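Secondary and tertiary structure notes
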Amino acid sequence: MSAETPPGAPRAPNAKSGRSAAGPRRPAGAPVAAAEADAGGFTGTVSGNRALAIEEPLLFEQGSRQRCGVDLPDPANFKPRLGGLERKGAIGLPGLSESEVVRHFTRLSQKNYAIDAGLFPLGSCTMKHNPRLNEKMARLPGFADLHPLQPLSTVQGALALMDALAHWLKQLTGMPAIALPPAAGAQGELCGMMVIRAAHDAAGQNARRRVLVPESAHGTNPATAALCGYHVDSIPANARGRVDVAALRAKLGPDVAALMLTNPNTCGLFEPEILDIAAVVHGAGAYFYCDGANFNAIVGKVRPADLGIDVMHFNLHKTFSTPHGGGGPGSGPVALVEALAPFAPLPWVVAGPGGFALREDAVGDAAHTIGRLKAFHGQMGMFVRAYAYMLSHGSDGLRQVAEDAVLSANYLLAALRDTLTPAYDGPCMHECLFDDGGLRAFDVSTLDFAKALIDEGFHPTTIYFPLVVHGAMLVEPTETESKGELDRFIAAVRGLKARLDAGGAERFRTAPHYSPRRRLDETRAARQPVLRWSPPAPREAAE
Ligand SMILES: *Cc1c(COP(=O)(O)O)cnc(C)c1O
């Protein structure tokens, strides 16, 4: 667009609103630094836009109360029928044409990085490609247009799919019962821990008040235990990033309700002593809860029931490739051993001679249920997508999902071993973990490095998690990335490191340079969020 815009130059004040893009209502936006002027003394672009990236004010800033997007005459002989309750003042909505509104949202959507736009190397999140076949199946009118209150005779196909999905999940876990309702992994945890609590209560074991959680656990684990009224007791990791069995044994006692363990754990490492862990937990009369968010690393290779696990949630949206993020729907079914099955949440699918039905009331074999976790039966669209993913892979293909996910992560680990500093020795499972050991000499932080990755066209890795590793960078490539894409990521990381070696640290501390917004004050954005827009007074007067 303009020869006087050097790459990475900050934008001029917003031409449309006359205010700086980082004006007072956007404290989270980093102030635009002074640009280097070109030979003519110009900085930025005349429009405030950069190449084809257009500055995007709010709809309210773009519109005007004096304009209207529709052109209808006032109705003749209009008599309000609201008995004097009608609005007196203006409604306060901005007046815009349809094309202005469509362009606004389309431009915003283009600023949103997505798995369909590029690699999402986030660890502990499993952002894998979501096959279009899944989407096509989930949009079939017979699934997409159902209402949860429809008569059961009209939704037999949907119930059959739920039953078949549960059947596969039973096969994959070796457990006899599946609770489909939980809306995400975190709600699956809540479901599992409520079931454990109900089982202990039913056995007169209500003095069990403690839940053991490894230090490296995802934050939802201790949060779930606390929400269920338990005291959370953390178990330290050993130098190899695994649960210290001696420390676990020392913490166990008659007041322990459960161990919550993630396997592979959040450092991307398999817990090789899991059978001993299960034995000591059971020996103490406690249950063994497994956070199954990392199931993609072992799916089809080992059945959790054979590892001594009593209850495990799945994240269908991680392991079985359903789109998630940005608060989008998840799905967190829970697998239960025989002893815990009677406490499963309502409703569940039952097969009878007249077809499928839903067990909806706490009577008969549901007398001990923990009740309902949500209004209906779970996330139907996610069930369809996950089932489509399973069917398109088959049982051998699901095993290969785990093998490829682990291979991809080890490929990255091996390729970057001399560029970044691995947090632990030895191979990893589905994600690889680095610390900031190699960055500290340059006075560059994990955050700086992550921001520099944005400039290179890559979404950052997970950073500063797990907390047990200093300046952690957790990378999960998943099985759906090609070797070519992994090589591009490796080249970018190696290239950034070479720049550091060549004395280019300063640029990292101010990255990103090429994104629509530069370095944000994330702490201030979190602590003092500005959630309310108020009309810019001077502009109002000018119109
Ligand atoms: C993602 C994740 C969770 C939480 O799952 P949600 O579906 O996001 O609620 C819990 N534990 C681990 C290890 C995870 O990776």
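Just so you know, these numbers come straight off a predicted model, no measurement behind them. (Residues numbered from 1 in each chain as written. Predicted model: local features only at pLDDT ≥ 70, side-chain atom pairs only at ≥ 80, totals over all residues. Heavy atoms only, no water.)

1. A short note on the domain arrangement of the protein chain
When its domains are assigned, the protein chain resolves into domain 1 (133–391) and domain 2 (395–527). Distance between the C-alpha centres of domain 1 and domain 2: 30 Å. Contacts between domain 1 and domain 2 engage 26 residues on the former and 22 residues on the latter. By the criterion of area lost to domain 2, the three top residues of domain 1 are Cys 267, Asn 296 and Tyr 389, representing 26% of everything that side buries. (Domains from an automatic or database assignment. Contact = heavy atoms within 4.5 Å. Buried area = accessible area lost by both parts, 1.4 Å probe.)

2. Brief notes about a nonpolar patch on the surface
Where nonpolar side chains cluster on the molecular surface, the patch consists of Leu 58, Phe 60, Ile 91 and Leu 93 and spans about 370 Å² of accessible area. Checked against the element boundaries, Leu 58 lands in the segment before α1 (59–62). Since its relative accessible area comes to 35%, Leu 58 is described here as partly exposed. (Patch = residues over 30% accessible without salt bridge, like charges linked within 9 Å, V, L, I, M, F, W, Y side chains within 5 Å. Areas by Shrake-Rupley, 256 points an atom, 1.4 Å probe, with all protein chains shown as cover. Salt bridge = Lys/Arg side-chain N within 4 Å of Asp/Glu carboxyl O. Helix = DSSP H or I, 4+ residues; strand = E, 2+ residues; numbered from the N terminus. Buried < 20%, exposed > 50% of the residue type's maximum accessible area, 1.4 Å probe, protein only.)

3. Observations concerning the side chain of Thr 45
When you line up the elements, Thr 45 lands in the segment before α1. Reaching out from Thr 45, the side chain makes a polar contact with the backbone nitrogen of Gly 48 at a distance of 3.1 Å. A distance of 2.5 Å separates the side chain of Thr 45 from the backbone oxygen of Asn 49, its partner in a polar contact. (Polar contact = N/O pair within 3.5 Å; in protein donor to acceptor, adjacent residues only side chain to side chain.)

4. Section: the site of the ligand
Around the ligand, the structure places 14 residues, and the nearest of them are Gly 185, Ala 186, Asp 291, His 317 and Lys 318. In this structure, an oxygen atom belonging to the ligand sits 3.0 Å away from a side-chain N or O atom of Asn 315. In the environment of the ligand, an oxygen atom lies 2.7 Å from a nitrogen or oxygen atom belonging to the side chain of Lys 318. When contributions to the shell around the ligand are tallied by element, the ones reaching two or more residues are α6 (185–202) and α10 (316–319). Among the elements that line the shell around the ligand, the one with the most residues is α6, at three residues. Looking at the shell around the ligand residue by residue, the classes come out as three nonpolar, eight polar and three charged. (Near = heavy atom within 4 Å. Nonpolar A, V, L, I, M, F, W, Y, C, P; charged D, E, K, R; others polar.)

5. Here we look at the pattern of salt bridges
Enumeration according to the criterion identifies 21 salt bridges in this entry. One salt bridge in this structure joins Asp 233 and Lys 251, with 3.0 Å as the shortest N-O distance. On the criterion of sequence distance, the pair formed by Asp 233 in strand β3 (residues 231–235) and Lys 251 in helix α8 (residues 245–251) is long-range, its members being 18 residues apart. Relative accessible area serves as the criterion here: at 16%, Asp 233 is assigned to the buried category.

6. Points about the packing of aromatic side chains
A full pass over the atoms with the stated rule returns five aromatic pairs. Seen from their ring centres, Phe 60 and Trp 533 are 5.0 Å apart, and the 40 degrees between their planes marks the pair as tilted. On the criterion of sequence distance, the pair formed by Phe 60 in helix α1 and Trp 533 in the loop between α16 (522–527) and α17 (537–542) is long-range, its members being 473 residues apart. Positioned above the aromatic ring of Tyr 230, the side-chain terminus of Arg 197 is 5.7 Å from the ring centre. (Phe/Tyr/Trp six-rings, centres within 6.5 Å; stacked < 30°, edge-to-face > 60°. Lys NZ or Arg CZ within 6 Å of the ring centre and 35° of its normal.)

7. Focus on the nonpolar core
Judged by nonpolar contacts, the single largest core of 90 residues is most densely connected at Leu 248 and Phe 320. Sorting elements by how many residues they give to this core places helix α11 (residues 380–416) first, with eleven residues. When we break this core down by domain, the ones giving at least three residues each are domain 1 (133–391) and domain 2 (395–527). Ignoring any residue separated from it by four or fewer positions in sequence, one finds Phe 320 in contact with Leu 169, Leu 172, Val 299, Phe 314, Asn 315, Arg 385, Ala 386, Tyr 389, Met 390 and Leu 398. Counting residues in hydrophobic clusters, the runner-up holds 28 residues, among them Leu 119, Ala 409, Phe 458 and Phe 508. (Core = buried A, V, L, I, M, F, W, Y, C linked by side-chain atoms within 4.5 Å.)

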